[in-house]
Structures are given as structure tokens and as C-alpha cells.
Amino acid sequence: MGTILQDIRYGLRMLVKSPGFTIVAVLTLALGIGANTAIFSVVNTVLLRPLPFYDPDQLVRLSTVYDDGGTGPASYPDFEDWHHQSQSFEYLAAYTFQSNDFITGGEPERLQGACVSQSFFPLLGVNACIGRTFLEGEDQPGADKVVVLSYRIWKRHFGENPNILGRTVRLDDVGYTVVGVLPYDFERPLLKGTDFWIPPSERHPRYRYSYEVIGRLKHGVTQAQATEEMKTIATRIAQDYPESHSNFVGVKLESLSSYIVGDTHLYLLVLQGAIAFVLLIACANVANLVLARATTREKEIAVRQALGASTFRVARQMLTESLLLALVGGVTGVLVAFCAIDILKTHVFWIVPRADEIDIDLWVLGFAFLASVVTGLFFGMVPVVRLHRSMPYVSLMERWTMSGTKSKLSNTLVVLEFSAALVLLIGAGLMIRTFHKLVTVNTGFNSANLLTFKVSLPPSRYANESQCLVFCQQTLTRLTDLRGVKGAAMNVTMPFGGLYSTSNMTVSGRPESEQPNLDASIHSVTPGYFRTLGIPLRGGRTFNEQDIARRSRFVIINEKLAQVCWPNENPLGQRLKIGREAPGGSRVDYEVIGVVGSTLQSELTQELEPSIYFAYSVPFFDRNLGFVVRAEADPEGLVADVRNIIRELDPSLAILQIGTMQQSIADSISRQRFSLMFFCLFAVLAMILVIVGIYGVVSYVVSQRTHEIGIRVALGARQQNILSMILKRGLTLSLAGSAIGLVGAVGLTRFLSSCLYGVSPMDPVTFAIVPLLITGVAMLACYVPARRAAKVDPMEALRYE
Amino acid sequence: MIKLKNIEKCFQTCAGMLYALRRITLDIEDGEFVTIMGPSAAGKSTLLNILGMLDHDWEGEYYLDDQAVHTLKPKQRMALNRQYVGFVFQAFNLLDSLTVYDNLDAPLSYRNVKASERAAIVCDTLDRFGIVGKKDLFPSQLAGGQQQLVAIARAVVASPKLILADEPTGNLHSTQGQEIMELFKKLNREGTTIIQVTHSDKYAAYGKRIIKLKDGWLDSELKTSQSAGKA
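Please read these numbers as outputs of a predicted model, since none were measured by experiment.

Reading the values: the criteria
Residues numbered from 1 in each chain as written. Chains lettered and ligands numbered in written order. Predicted model: local features only at pLDDT ≥ 70, side-chain atom pairs only at ≥ 80, totals over all residues. Heavy atoms only, no water. Helix = DSSP H or I, 4+ residues; strand = E, 2+ residues; numbered from the N terminus. Rg over C-alpha atoms; globule rule 2.2 N^0.38 Å. Contact = heavy atoms within 4.5 Å. Areas by Shrake-Rupley, 256 points an atom, 1.4 Å probe, with all protein chains shown as cover. Lys, Arg positive; Asp, Glu negative; His and termini not counted. Charge placed at Lys NZ, Arg CZ, Asp CG, Glu CD. Pairing = 2+ DSSP bridges. Axes fitted to C-alpha atoms, helices over the stretch in contact; angles between N-to-C directions. Left-handed = near helix turned anticlockwise from the far one by under 90°. Nonpolar A, V, L, I, M, F, W, Y, C, P; charged D, E, K, R; others polar. Expected span 1.5 Å × (residues − 1). Buried < 20%, exposed > 50% of the residue type's maximum accessible area, 1.4 Å probe, protein only. Arc of directions from axis to C-beta. Salt bridge = Lys/Arg side-chain N within 4 Å of Asp/Glu carboxyl O. Buried area = accessible area lost by both parts, 1.4 Å probe. Polar contact = N/O pair within 3.5 Å; in protein donor to acceptor, adjacent residues only side chain to side chain.

Describing the overall build of chain B
So, point 1. When helices and strands are counted, chain B shows seven helices and ten strands.
So, point 2. Expected size for 231 residues packed as a compact globule is a radius of gyration near 17 Å; at 18 Å, chain B falls within 12% of this value.
So, point 3. Taking the principal axes of its C-alpha atoms as reference, chain B extends roughly 50 × 45 × 35 Å.
So, point 4. If you take every contact in chain B between residues at least 6 apart in sequence, the share linking residues at least 24 apart comes to 67%.
So, point 5. Here chain B has roughly 10,400 Å² of accessible surface; of this, 48% comes from carbon and sulfur atoms.
So, point 6. Positive and negative side-chain charges of chain B, numbering 28 and 27 respectively, have mean locations separated by a distance of 1 Å.

Examining the sheet that holds strand β7 (residues 162-166) of chain B
All names here are of chain B.
So, point 1. Strand order in this open sheet of six strands is β6-β7-β8-β3-β9-β10, and the pairing throughout is mixed. Here the strands that pair on one side only, and so sit at the sheet edges, are β6 (85-88) and β10 (217-223). Sheet twist, expressed as the average angle between the axes of neighbouring strands with direction ignored, equals 20°.
So, point 2. For strand β9 (residues 209-214) and β10, the ladder comprises six bridges, and the chain directions are antiparallel. Directly across from Ile-211, in β10, lies its bridge partner Glu-221.
So, point 3. Sheet strands in contact with helix α5 (residues 144-156) are β6 and β7, and its direction is about 170° off that of β6.

Some words on the packing of helix α21 (residues 670-704) of chain A against helix α23 (residues 719-748) of chain A
Residues and elements named next belong to chain A.
So, point 1. Remark: α21 packs on α23, axes separated minimally by 11 Å, with the N-to-C direction vectors making an angle of 145°. The hand of the α21/α23 crossing is right-handed. The segment α21 lies against α23, with Ile-694, Val-697, Val-698, Val-701 and Val-702 engaging Ile-726, Arg-729, Leu-733 and Ser-734.
So, point 2. Looking at the contact of α21 with α23 residue by residue, the classes come out as seven nonpolar, one polar and one charged.

Considering helix α15 (residues 465-481) of chain A
Residue and element names in this part refer to chain A.
So, point 1. The end-to-end C-alpha distance of α15, which contains 17 residues, comes to 24 Å, matching closely the 24 Å that a straight helix rising 1.5 Å per residue would cover.
So, point 2. When α15 is considered as a whole, its buried residues turn out to be Cys-468, Leu-469, Phe-471, Cys-472, Thr-475, Leu-476 and Leu-479. In an axial view of α15, the angular spread of the buried residues amounts to 165°, which keeps them on one side of the axis.
So, point 3. Of the surrounding elements, those touching the buried residues of α15 are β12 (450-456), β13 (485-490), α17 (545-549), β21 (624-631) and α19 (639-649).

With respect to the pairing of strand β17 (residues 554-558) of chain A
All names here are of chain A.
So, point 1. Here β17 lies mainly inside the structure; four of its five residues are buried.
So, point 2. Pairing analysis gives five bridges linking β17 to strand β19 (residues 590-596), with the strands arranged parallel. Across the sheet, the residue bridging to Phe-554 is Glu-591, located in β19.
So, point 3. Bridging between β17 and strand β20 (residues 611-615) involves three bridges; their strand directions are antiparallel. Within β20, the position partnered with Ile-557 by the bridge is Ile-612.

Thoughts on the pattern of salt bridges
Residue and element names in this part refer to chain A.
So, point 1. Under the counting rule described, the total for this entry stands at 32 salt bridges over all chains.
So, point 2. A salt bridge links Arg-712 to Glu-708; the shortest N-O distance between them is 2.9 Å. In this pair, Arg-712 and Glu-708 both sit in helix α22 (residues 706-714), four residues apart, roughly one turn of the helix. Of the two residues, Arg-712 and Glu-708, both sit in the buried class.
So, point 3. One network of salt bridges, in which partners are shared, links Arg-49, Asp-359 and Asp-361.

A closer look at the pairing of β6 of chain B
Residues and elements named next belong to chain B.
So, point 1. By the alternation rule, side chains of β6 split into Val-85 and Phe-87 and Gly-86 and Val-88, which are all buried.
So, point 2. Where β6 lies against β7, four bridges are found, and the strand directions are parallel. Pairing of Gly-86 across the sheet is with Ile-163, part of β7.

Here we look at the interface of chain B and chain A
So, point 1. Facing 20 residues of chain B, the contacting portion of chain A comprises 18 residues.
So, point 2. When chain B packs against chain A, the two sides together hide about 1,900 Å² of surface, and 54% of this comes from carbon and sulfur.
So, point 3. Counting the contacts that link chain B with chain A gives zero salt bridges.
So, point 4. Viewed at the interface, chain A and chain B are joined by five residue pairs in polar contact (both at pLDDT 80 or more).
So, point 5. Those elements giving two or more residues to the side of chain B that touches chain A turn out to be α2 (74-84) and α3 (100-110) of chain B.
So, point 6. When residues in the side of chain B that touches chain A are grouped by element, the largest group, three residues, is from α2 of chain B.
So, point 7. In terms of residue class, the side of chain B that touches chain A is built from eight nonpolar, six polar and six charged.

Below, the structure written as C-alpha cells:
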């Protein structure tokens, strides 16, 4: 123990004695360990940390399974049947998100809320900090309208007034009694960002599938057992309601944690893997530094051994110094990670679930410690290996030259870090190509200078279709009259607006066996919509005011639908039916009067889908209106005018999501942008470390070979001979690193497939350009010491007295 | 072949200007074997380095084969060095990472001699010096005398007109030293001009003329008997 403490004391002294070396090594390690720790904090929170509910392993999500293998939410009546018939669950609860205008006397505020069953809060184990949550029976039709508020809203609108219970608040002009307030720290998955919770006050039809269902399994019941039971229940319901449930085959259960994480787990693992490469490169850099330093201490080591120190003792000393260095680097890295976490959270918030929970806990600190120890052992072993092979007595001789072992080790480390950097750079290159493909995707419409916004008309003031229509027409008229506006229109499900509606459709007069069997996206639009968005008309005509006034049963379809349904016919004049047969009703025919170009609806990566356009309010009207305005110049300049128009028409209406269409499109690729940003950051870090590494190695070689270079000049070598001799060394290292890196990239880039669009993981352009680029930059790094070598004065080099 | 006129070299030190050479004026004829002698710090090696155009920081006039070296730029001087000079160092200064063959090949490659020609010249030189069997060995595998032999072979491989030898026997024992001096004598007989620096009177006698330096000044010049050199 005493000798170990001695080693530690001596190691600290050696580090302090070489401040330059220590600072460079610590900073390099801090960069690598800090970055890894920051990304691990995300992985830890999202993938490893259990959900912040009691017994989180018992929580599952239930979804309806269709005969085509697809899954989806349930209807409230289905949920109630599951709840009453199932024995596998301690609790079953349903919820759906909604937004309402919250009116407290001032300007109305659009709030995000949720409509939840009574069992929702008990299932999650959440209690109100003031008042209560919902009682039995409060989620039944006809019950009193009650609401539970978030702490945030209670604080902002009511100043944390303890007399909040029993007060009435208005949501879309409907009064709700406040029965409870949730605690201030209730920011958990599923419900963060939600400002109020209300129980369902009316029953939607059994065929309206809009509720997410979660359950808490009873202890001792497995997911498989519960799935089997739910399948039986689903089959029974399908038999009882064949018109609406003919294609239901079962209920899928998955852990709630998996549902919340979704497809981000692979994505996060890719990021963690990528940043691990940066740590590898940092390790190799520090290993080279340690190796160079060990060379200068060979005489000291030789003397120690001559005095009787065993190889084990000397090796332990060197490892102790390396571990000390790594731990200092690790502590500094954790500080770096603390600074990086806040920046990370703001960037991943929209992409990664539970982003607001990301922090550095004991697990993350443990990871940082482990990373420090492993890196310390890695680069600490390098001089120990060399120690094992060297002949110490040689260094005691007067004229001693550097052995080949140090060179080989050093070269190997440089090649290793070069290849790791190349893999990262290829990843970044693939991301850049993906992003370029994405931003050049043809959306099918002209997205420039478009301003979009939404309003949600409350049923209390807009009870019927004509009221909604009047508001819509008045809004459009005023928008069109604005200076700087080229056109305005409305679409309930605006492209990239976050709303998406589909319906099954059938071709009228065609037998069942010849039906296209597809779902088309449904849009309810005003006349002028296609012109405003710049969607080309391929045939027929668009809607006019008469179509709306007469409630004509006309539809406009897109090219994709026309190709699928009438590949060899003119679709104009053809007829189709929408949706499934409602109980007791019969579907009507709609005539195709126009064909327009296909557009993307929600993501740049999606395929073009069949779409059907209805004239607004035919066959149904929707109170959620999505407006679009084509400006002559910057559309942001119209925001204030838009707010004034809406305020003049209805002061109690809140405007939602006002922004440019281009921003909405950009938001849709935020994950790809995030991936690109991080990969490029990692790649730049890696490149900097590699350049520093190669520069360091070549500089060291030049300094060691100064004598030799002097001899060569004395023998007649020109500057270009010396230059090419040094550059050739750098080139050899670069080419070796490129070869290994390319092999590594071939094996590893397939893990990026899920992040790529329009680009193969083995994209030849990227694989060709990146090695050339990094080799070129590496040669530039070698040029500086090579130039220094070429200017060696033979007189200085050969001075031997 | 060589004309020096008032060659001076000095260093700026914290104690003031330090003169390594003071107004050195001398002539050396083609084919001469000249020895430069003197006590330590007399300026012998400095003079040799100036003659070899390795040192560019000096004043005075230096003519090599009627070419005014003092008017040439360093790059031009090095070109002249490649054309005329072969250098032999006291510490051998062989390239440790190259074999004997490659050490001999290096000066030829720096003089842009074609590969096929280089191979022929190197083989011829190896044969001439009797070291064919050692061509694949590294300098660290040779004894001191053999290393100096290789160093001299390297100095003459490009057929220089002038060989500058800075204490070529300094690290050798007497038998080896004598062998080296006999070799120099042979080269001189074949027409190569040789200028050596030595502390040894015995080896100095191999040359035709002895130039003595003291404190940077040319102290004296002596002529020797050509047959001298036997112990």
C-alpha cells in the first residue's frame, strides 16, 4: 500500500513537472470523455432509466390490431368493453390529447389538454397536491364538468391561489369546475406539456378510434397472458359489431417504456457509438503523447532497473501516472458534460422523448469514471508494452538512437485514429448527402412566402356549419384584401401542419375483388387552395363558391390516387365512396371533377400518398381551420395583420401555430438536422484530433531525425528531397488509415440506414471524396514539420561537441 | 582548385564577438593532399565546413575551380557541393535506418543519377572497397573501422573532385586508422584532392602539406615528404 501511495505521489509530481504535456493530455481527454458522458446522459435517461411511475415494468400500452397487421388507437366504447371484460389489469385507462381556448377574462390562450378516463391518475400513481383527481362516475355522460389543472397554469393564471378549488374556468366557452391541481414536479412522460385534464363528457361513436389506452398489469400476469386474453375480448367485440370491427383481429400490448422511446433507441445508440470513436481518437492521441514522453524518460527507467526495480514496479508506476491523468481528464470531462447538457436538451427536445429529464445522475458519473479508467489503462499500456520489449542497457550507452519499436507503436496509433476519424467523417458525409436530398425534395407545392396559422372554433359559438363557413369566408376575404398578399385559402389538414386524416375509399360500381383497398388522406379545402399553394391542376377544374353553396358532391383527387384507381382511364367523371358504411347509413357517391399534382403531407421522407379533396363543409365541416396566405415578400411581416384580423372577427379566439410553411417543413426534418449537426460536430472534433496527432507524430519524427536530415543535406539532398521524405511518411500513415477506415466504414455505416434518406450507406461519392479530403488535410498538417525539416541547417544538425 | 582570401567567421556571444576564423588566405591545388592541424577550437572543422559549403555564414572570398563561391546563394553553393565535394565525418554519420548499399545509393539519388546507373556505381564502389559482403548489413552491425570504410565509400561514390575529411581516424584504433589513411593516399594518387583535419602528426604526414591554425589564424604552412606515413 505504501508503495502504491508512493507511485501516486510521484505520478502527481511528474504531471505537475510537465504542465504543457499535462494540460494538452487533460484537455484532449476531457473533450472525449465529456462528449461521451453528455451523450450517455441522454441514452441513460431515454433508454435505461425506468419511467418515473411506481412499478413501471407493469405499465403497458394497448392498441388495436387490424387484419393487415397495422395497429391504431381505440374508440372509447371499445376501451370501456376492454375495461369491463378484462381480468389481467389492475387498471386500464384511456386518454386523448386536445387543445382548447382557455378563457379567464383576458386574452384567450390556447392550451394543450387531455381528455382522460377516471382511472388515468390512479393507474399512474399520481395524486393532486391540492384537491383531488377524478372520482368514479365523473367520466360518464351527463356527469358534472370537472377539470384538474397543471401547477404551471395554476401559478400563471391564478397566482397559486389556494382557493382555486370550486372555481369555474372556461374551455372553449364551456364552464368546468376545478377539482384539483397536480404537483409542480409532475412533468412526466405522456403528460408533460399538458395544462389541464378533463374526463370525457360525451361518447363518440364506436368507429371513432381516437383514444390511446394504457394499462397496469396485475402482479403475476405476464404480457403474453394479457395479450391472449385481450385477443379473445377483441374477437368477441368484432363479432358483436361487424360493421365497424370486421377487420379487427386483436389487441397488441407493448411496454409503455418501449412505446415512449419509439424508434429513437437505435438512433441514440448510433450517436453513442459515433462519439465513442471520438474518445478512441482522443485516447490514441494521448497514447502518442505518453509514448513520446516515455522515450525521454528511458534513461530514468534504465537507471531504476539498474538499481533493482522489477519490470512490474516500473510498469505499475507508469500505469499509475496514466490513470491519474485519465481521472483528471475525466473530472474535467464531467464539467464539460455539465455545460453541454443544457445545450443538448434544447436541441433534442423535439426529437427525443423525456428530453427534459436529461441530467447527470450517479449512473452517468459512474460511466464517466469507467470511461476514465478504461482510457487510462488503454493509453497507459502503450509505454508499458514498449517497456517490456526494450533493452534498457542500450539507453545507458552514450550514443543511442530511437529504436524502431517506438516508431511502430506511434505509427499504429496514428493509423488507428486516422481510420476512426475516417469512419466518422464518412458518417457525417452520408448525413450531409441525406440532408441535401431532403432539402431538395419536391413537396409538390411552392412553399416560398407562405404563412400558415390555425384557429379552433369553439362549438359554443360556432355550433353549426354555416357559422363556421361564414367565419372562414370572412377571414379569407380580409386576408386577401391585405396589402402584400397574393392569395389566401384554407385546408383543415394543411401540409406539414401536424394534422392528418385518412379514410378508406372505394370506387363506385366496382366489385369488391377489384377495389384498390387503400386509405387516402382527406382534405377539406376552400376554392383557391390549389392556386395559393401552387399545386398544379392536371385536369378538370378546382372548386368554386357554387360547389360549397350547393353542397355539390364533388371531389378533386391527386395524381397518385388517379394512377392507383384509374390507371388506364380518365378519372374525370368517375365516382367514389368514402369511409366505411356507418351503422344504419349508406355512403354516397362523389364525382371526380379535377386532378391535381400530388403533394407531401407530413414528412419529406414519406412517399406520395393518394389524396382526396372536398370543398370545405362538404360532406362535413370541421371547426379546426388551417389558413394559408401567399405573401408577395417576407410572410412574417403579415403576422401582426393576421392577429388583428382574427381579433376583429372574434376577440376570444386564439391563433395557433402561426409561422411560415418553410419553417414547418424545416421542423419536420429536425431529427435529421440534429443527426447532421452532431455527426458533423463529432467529425470535426475527430479531424482536429487526428490533425493534431499526425502533426505531433511527424514533428516528433523530424526532431528525432534532425541529425539524419543534416547528414542527408551534407550528402547533397535538396529541400524537396527532405520534404518528400517527410511527406511520404505522413502519406503512408494516411493511406494505411484510409484503407482500414474504409473497411470499418463498410461494416458500420449500415447502422446508419435508419437515419439516411435517398442515400445508400455505401454511397460511392461519399466513400470516394472523404478519404481524399482527410488525406489532403493530413498532408497539410505534415507540411509544416516537413518544411521545418527541409530547412534544417546541416551545421546545426551535425554539431557534435 | 581552391583559393581562399581573407575568410573570416565570427559568432555573437554574450561576451562579445567571438572569431572562429581570422583572415584565412590560402590556395590548394588540384590533386593536393592537405592536412589542417591545430589545437582544439583553432577553427579547423569550421574551415572544413566552409570549404564544403555546408556553412554559409562567413566573409571573404572563396573560389572553387574559378567559381566565386562567395557570390553564390546557399542553394547554388549546395549545387556546387553536390558537384565537387565528398565529406567524411569523424562520427561516421552513416544513416542508421539504411543498409550499407542504401547508404552508398543515397548521394547518387540526390544527384539525380538514374536508378540503373546508380546500381552499377554502387556495386562498383562496394567491390572497390571490398565490402560487397556487407551490403545488406545495417551500420549498427558493423565495427567502427568498417563503418568509417563505408563512410569513405559513400563520400567517393559520386566521384567528387574534392574529399573533405574531418578527423576520419578520430574514433578508430591505430591499425584501422592506418588502413583508412592508406585508402586516402590511394584516392589521392588517383587524382582526388583531399583536405583532412587531424590531430595526429603520423596521419598528417600522409599529406603533402600541413596547414596549422591557431586561435582562428593561419599560423604556418609546412611541406611534408610524400613517402612519410610509416610508423
